Amino acid sequence: MGDYAVRAEGLEKRYGEKRALDGFDLAVREGTVHGLLGPNGAGKTTAVRILSTLVRLDGGSARVAGLDVARRPREVRARIGLTGQYAAVDEVLTGRQNLEMFGRLFHLGGRRARSRAAELLEQFDLAGAADKGVGQYSGGMRRRLDLAASMILTPSVLFLDEPTTGLDPRGRGEVWDSVRALVSGGTTVLLTTQYLEEADRLASHITVIDQGRAIADDTPDGLKDTVGGDRIEVVVAERADLVRAAEVVARVTGGEPARDEAELRVHAPVAERVAALTEVARTLQDEGVRVEDIGLRRPSLDDVFLRLTGHRTDVTADAGVKEAVA
Ligand SMILES: Nc1ncnc2c1ncn2[C@@H]1O[C@H](COP(=O)(O)OP(=O)(O)OP(=O)(O)O)[C@@H](O)[C@H]1O
Ligand SMILES: [Mg+2]
């Protein structure tokens, strides 16, 4: 069946006039984490729902675990797990009860459901909280319970739709660890996200989706190279200093800084991040330039978009990408 766990070609999905997917292509290698990166409304959930047989495609074709999703949905379903964008676990039940309930829904039988629940609680580091109500779980714990629930039948392909949106950095880190553990156990993961950093940390390959189409398909490093890597950013207090700040940044980084006149901002790519930051800050101070803000910025989804499409996303909450420097 080849070495692709997921293969989609020219997927189309319309909702009335809206083309949620408009010729979407995707190829996910077996045993990898593949990131599907895109802003709100790009078509990520629609793609996941088609691939997991929850909605029917209007055009194109897709194979998951070697099986055509339109022709053999039931067999596909037996080989996949899905963690949706919104948590599916019951608040009133405990973590253990939730997993046992899912086990019985999947016809495991009482004893097997209990033992599988215990294994998964262990695997997802929830054994200590197994008998607490899910209402008392942190966001990260809930997400891990969600992951555990989608792993009851040990699927070969797991779809994770924005598994860390809304989590704090700690919860996000916990979920990342769980995803890494799954893949080391042989599961193929397709993960949707709005965070370039998340795709970078977890995925060996990233497809960028915009308006229902794949607009880039690359390794994280390849994608970051396209965008130009990390940048140093300086915001000056007075407009009159903008040109001088740009000169300093150009001199230190050896790069061509971009100037944002409206926001009094200068930014340029850097290689030696911290050295460049220190040097720029010191030189600006020596030259008497009043600085409002200075920092290093890792490329965000927004930067990727600007570079690939020439327009910005409407994502404003790409948290965790700005490293403020006091
Ligand atoms: N059931 C539906 N009925 C009508 N329009 C829909 C439906 N589902 C999705 N759409 C539209 O299709 C487009 C793609 O939506 P989709 O949910 O796939 O995006 P997404 O990338 O998952 O976004 P988000 O990051 O916000 O979850 C959007 O314009 C959305 O409004
Ligand atoms: Mg979505």
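Looking at an unreviewed UniProt entry, one finds the protein named ABC-type xenobiotic transporter and attributed to Streptomyces fructofermentans. Check the Sequence similarities (unreviewed entry) section of the UniProt entry for the protein; it says "Belongs to the ABC transporter superfamily. Drug exporter-1 (DrugE1) (TC 3.A.1.105) family." Looking at the protein in UniProt, the text filed under Subcellular location (unreviewed entry) is "Cell membrane".

K.L.:
Help me understand the site of ligand 1, please; the structure alone is not making it clear to me.
P.N.:
Near ligand 1 there are 13 residues, and of these Tyr-15, Ala-20, Lys-44, Thr-45 and Thr-46 occur at the shortest range. Elements with a contribution of two residues or more to the shell around ligand 1: β2 (18-29) and α1 (44-51). Class assignment of the residues belonging to the shell around ligand 1 gives a composition of 3 nonpolar, 8 polar and 2 charged.

K.L.:
I keep staring at unusual backbone geometry and nothing clicks. Help me out?
P.N.:
At Thr-53, a position not held by glycine, the phi torsion is positive, near 70°. In this structure, Thr-53 sits in the loop between α1 and β4 (59-64). Judged by the 21 C-beta atoms lying within 10 Å of it, Thr-53 is buried. Phi is positive for Thr-154, which is not a glycine, with a value near 50°. Within the secondary structure layout, Thr-154 lies in the loop between α5 (139-150) and β7 (157-161).

K.L.:
Help me understand the domain arrangement of the protein, please; the structure alone is not making it clear to me.
P.N.:
The accessible area lost on association of the parts is a frequent measure of interface size. Parsing the protein into structural domains produces domain 1 (4-222) and domain 2 (226-324). Here domain 1 and domain 2 have C-alpha centroids that lie 35 Å from each other.

Cut-off values and rules
- Residues numbered from 1 in each chain as written.
- Chains lettered and ligands numbered in written order.
- Predicted model: local features only at pLDDT ≥ 70, side-chain atom pairs only at ≥ 80, totals over all residues.
- UniProt positions renumbered as here; feature names shortened; annotations may be inferred.
- Near = placed C-beta within 6 Å.
- Helix = DSSP H or I, 4+ residues; strand = E, 2+ residues; numbered from the N terminus.
- Nonpolar A, V, L, I, M, F, W, Y, C, P; charged D, E, K, R; others polar.
- Buried ≥ 20, exposed ≤ 12 C-beta atoms within 10 Å, placed from the backbone.
- Domains from an automatic or database assignment.

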